[in-house]
Each structure stands twice: as C-alpha cells, then as structure tokens.
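This is what each chain is made of:
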Amino acid sequence: MNAYERWIVLEGAANVRDLGGLPTVDGGTTAPGRILRADNLQGLTDNDVALLVGDLKLRHVVDLRSHTEVRLEGPGPLTRLPEVGIHHHSLFAEGGHLTDVEADTVDERALPWQGERAEEDLAELRVTGYYYGYLRDRPDSVVAALRVLARDDGMAVVHCAAGKDRTGVVCALALAVAGATREAIIEDYVATGERLEGILARLRASRTYREDLDSKPADSHLPRPEYMGQFLATLDDRFGGPLAWLRAHGWTDADTEALRGRLRD
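Our subject in this report is the structure included herewith. (Residues numbered from 1 in each chain as written. Predicted model: local features only at pLDDT ≥ 70, side-chain atom pairs only at ≥ 80, totals over all residues. Heavy atoms only, no water.)

1. Some thoughts on the overall build of the protein
What counts is decided by this rule: Under the scheme used here, helices are H or I runs from DSSP no shorter than 4 residues and strands are E runs no shorter than 2 residues, and both carry numbers assigned from the N terminus. Burial here depends on accessible area, computed with a 1.4 Å probe over protein chains only, as a share of the maximum for the residue type. Under 20% is buried, over 50% is exposed, and the range in between is partly exposed. Contacts between residues were defined by any pair of non-hydrogen atoms, one from each residue, lying within 4.5 Å. Here the accessible surface of atoms and residues is derived via Shrake-Rupley with a 1.4 Å probe, and residues count as covered only by protein chains that are part of the display.
Assigned secondary structure in the protein consists of 12 helices and 5 strands. Split into buried and exposed, the 265 residues of the protein put 50% on the buried side. For the protein, the proportion of contacts with a sequence separation of at least 24, taken over those separated by at least 6, is 75%. For the protein, the exposed surface amounts to about 11900 Å²; the carbon and sulfur share of it is 49%.

Structure representation (structure tokens):
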C-alpha cells in the first residue's frame, strides 16, 4: 500500500487516510483497514457513510474536538447510526474559562485556543512545542482515545477539525506503539499538507473556524516535519519515549498488545 493508496476519497471530508502501509522498525508494515485518521466528519454525504460504514465496516469514531466545537458544529451523520460508537475525548483542558461548562454563560462561540496564554506557558511551549500541551493538559483523553483505537470489533477513525494537530498527535502515539519508524510517523504527519487547500476551504466554510483561519497566513497551517520531530524528541528527553509516557499515565502491557494487534498482522 503506497502513500497514494492510503487516501480514502470522500465527498464530504478532505483529509482521510489509512494508518496502514507504513514501515516498522522490524522491517514490516502497519496493517491497513484497521484505523483511519480524518478531518471534520460533519459534512459526510450518504455515499461517504455507505462507504465508511457499509463497505469499510467503520464502527468507532474518536472525536478529539472540544465540547464547544461539537456544539457549534452540530451532530454529524455518523452520530445517527446505532452501529457506530461515538467516543468524545477532547484534547483541551476544558475546565474554567472558555470551556463547555462556562460557554453558555460567557460566550458560546468561544473556542479553547482563543484565550490568552501566560508567559510561563509560552516559555514551556518554546521548549516542548505546542503538541506536548495536549498530553500535559489531557493525558486522560489521550490514553482513552488510544484504547478505543485498539478495539478489534471494526474499523475506527480518529479526527479533529483539520485532522492535522490533535489527530496528528494521537496517530503519532498509536504508530509509535505499533513500532512504526520515526521517519514514517513524521511522514504520515506531513502528508496532511498534500490536502491542505481542501482542508482549509472546508473549515473556512464554517463560522466556527473561519475567523481563526483568516487571522493567520496560509503557510502557518502547513504540517512541518520539525513540529512532529520536536514533539517526539520531547517525549524522548523527558520520559524515554512515547511508550514510556503512556505507561506513566496508566497505559498497560495489555493496552500495548491490543493496539499492536490492531496495527500489525
């Protein structure tokens, strides 16, 4: 399965691909047909749903968006199918200002990334990169999301809004557990750039994301290899690698065996 064949072409999503077909450190490849990564799934058409649920046997959706995003975007078509489980695991620290708890009384349009950051947080981000913040703020969601992906009762898809940042972090960890090479993990992350124009066009059509996108230059949204490299290097330096970080947050040997079993034949 080459890079082109990994893409799943849908009418209502722009950034959907299979985590199969990637090289592993022991000379093998990750297994196709088990786990997909995607951008927002709100716009899936009937044909898309038929392909995903009927043909590919999709049974689990891991939604990494904030509660505010989910509320503003509304329920997607997959939420109406009883055979598909929806697992919501936000990667934002949704406690306090700009959260689902306070949004009704503060501003229901407020999104987690629109708040001001303290200088100490900014200093930390300069060392670790933005992506490590997901693990620091929501280790519970990260571990829970990976446990859903490890289930063996049908295909799973993990997604956020663009399918780049939050999805990229969870997929990087899943691939690391499965034994994918560091180069393959970074290349999979960067592949989103091939579909960036379509991703941004879809997001700009939504009031939820348009203002934030228009406030930044287009090339700032590119998934650059150094971003994922910095994230993985942070886990190496601070914990001894992705698997060690997971173990420090409740991940078990049984979890590792289950997820490897999903992504390896």
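Let's pick the thread back up.
2. Let's talk about the sheet that holds strand E2 (residues 35-38)
What counts here: Here the rule is simple: two strands pair whenever DSSP picks up at least two bridges between them.
An order of E1-E2-E5-E3-E4 is seen for the 5 strands of this open sheet, with the pairing classed as mixed. Two strands close off the open sheet at either side, each with one partner strand: strand E1 (17-18) and strand E4 (85-88). Of the pairings in the sheet, the one linking E1 to E2 comprises 2 bridges and is antiparallel in character. By the bridge assignment for E2, Arg17 is matched with Arg37.

3. Here we look at helix H1 (residues 46-55)
In plain terms, the rule: Picture the helix axis, draw a direction to every C-beta atom, and the arc is the one those directions span.
Of the residues making up H1, those classed as buried are Asp48, Val49, Leu52 and Val53. Along the long axis of H1, the arc covered by the buried residues comes to 100°, so they all point the same way. Opposite the packed face of H1, turned more than 90 degrees from it, sit the exposed residues Asp46, Asn47 and Asp55. For H1, the secondary structure elements touched by its buried residues are E2 and strand E3 (58-63). A positive phi of about 60° marks Lys57, the residue just after H1.

4. What about the pairing of strand E5 (residues 155-159)?
Taken across its 5 residues, E5 has 5 buried, putting it largely inside the fold. The alternating pattern of E5 places Met155, Val157 and His159 and Ala156 and Val158 on opposite faces, both of which are buried. Both E2 and E5 contribute to a ladder of 4 bridges, which runs parallel. Across the sheet, the residue bridging to Ile35 is Ala156, located in E5.

5. Concerning the packing of helix H6 (residues 166-178) against helix H12 (residues 253-263)
To keep it simple, the criterion reads: As a rule, the C-alpha atoms of each element are fitted with a line to give its axis, helices using only the stretch in contact, and angles between N-to-C directions run from 0 to 180 degrees. When an angle is under 35 degrees it counts as roughly parallel; over 145 it counts as roughly antiparallel; between 65 and 115 it counts as roughly perpendicular; any other value is oblique. Under this grouping Gly is polar, as are all residues other than the nonpolar Ala, Val, Leu, Ile, Met, Phe, Trp, Tyr, Cys and Pro and the charged Asp, Glu, Lys and Arg.
The interhelical angle for the contact between H6 and H12, taken along N-to-C directions, is 95°, at an axis separation of 8 Å. The angle between H6 and H12 falls in the class roughly perpendicular. Taking contact as the criterion, the partners of Ala174, Val177 and Ala178 in H6 are, on H12, Thr256, Leu259, Arg260 and Leu263. Across the contact of H6 with H12, the residue classes tally to 5 nonpolar, 1 polar and 1 charged.

6. A short note on the packing of aromatic side chains
To keep things clear, this is the line we draw: In this analysis, rings of Phe, Tyr and Trp, with Trp reduced to its six-membered ring, are considered paired at centre separations within 6.5 Å, and the interplanar angle assigns stacked below 30 degrees, edge-to-face beyond 60, and tilted for intermediate values. Criterion for a charge above a ring: Arg CZ or Lys NZ at most 6 Å from the ring centre, at most 35 degrees from the ring normal.
Tallied over the full model, the rule gives 5 aromatic pairs. Here the aromatic rings of Tyr131 and Tyr134 are separated by 6.1 Å at their centres, their planes lie at 20°, and the arrangement is stacked. Geometrically, the ring pair formed by Tyr131 and Tyr189 is edge-to-face, given 5.9 Å between the ring centres and 80° between the ring planes. In this pair, Tyr131 is assigned in the loop between helix H3 (119-128) and helix H4 (132-137) and Tyr189 in helix H7 (residues 182-190), connecting sequence segments 58 residues apart. Comparing Tyr131 with Tyr189, the two get one shared label, buried. Linked through ring pairs, Phe92, Tyr130, Tyr131, Tyr134 and Tyr189 together constitute an aromatic cluster. A cation over an aromatic ring shows up here: Arg195 above the ring of Trp7, its NZ or CZ 3.9 Å from the ring centre.

7. Some remarks on the nonpolar core
Selection rule: Buried Ala, Val, Leu, Ile, Met, Phe, Trp, Tyr and Cys residues form a nonpolar core when they are joined through side-chain atoms within 4.5 Å.
Grouped together as the largest cluster of nonpolar side chains are 45 residues, with contacts concentrated most on Leu135, Leu146, Leu149, Met228, Phe231 and Leu259. In terms of residue count, the dominant contributor to this core is H6 (9 residues). Filtering out sequence-adjacent residues up to four positions away, Met228 remains in contact with Tyr131, Gly168, Val169, Ala172, Ile185, Ile186 and Tyr189.

8. Things to note about the pattern of salt bridges
Operational definition: Whenever a carboxyl oxygen of Asp or Glu lies within 4 Å of a side-chain nitrogen of Lys or Arg, that contact is scored as a salt bridge.
With the rule as written, the count across this model stands at 15 salt bridges. Two residues, Asp188 and Arg17, come together in a salt bridge whose shortest N-O distance is 3.1 Å. Taken together, the positions of Asp188 in helix H7 and Arg17 in strand E1 put the pair 171 residues apart, joining distant regions of the chain. The pair Asp188 / Arg17 is uniform in exposure class, with both members buried. Where Asp165 meets Lys164, a salt bridge forms, and the shortest distance between an N and an O atom there is 2.8 Å.

9. Quick look at the environment of Pro225
Here Pro225 lies in helix H10 (residues 225-239). Using a relative accessible area of 40% as the deciding quantity, one classes Pro225 as partly exposed. Sequence-wise, Pro225 and Val190 are 35 residues apart; in three dimensions their C-alpha atoms are separated by 6.1 Å. In contact with Pro225, other than residues within four places in its own chain, are Ile186 and Val190.

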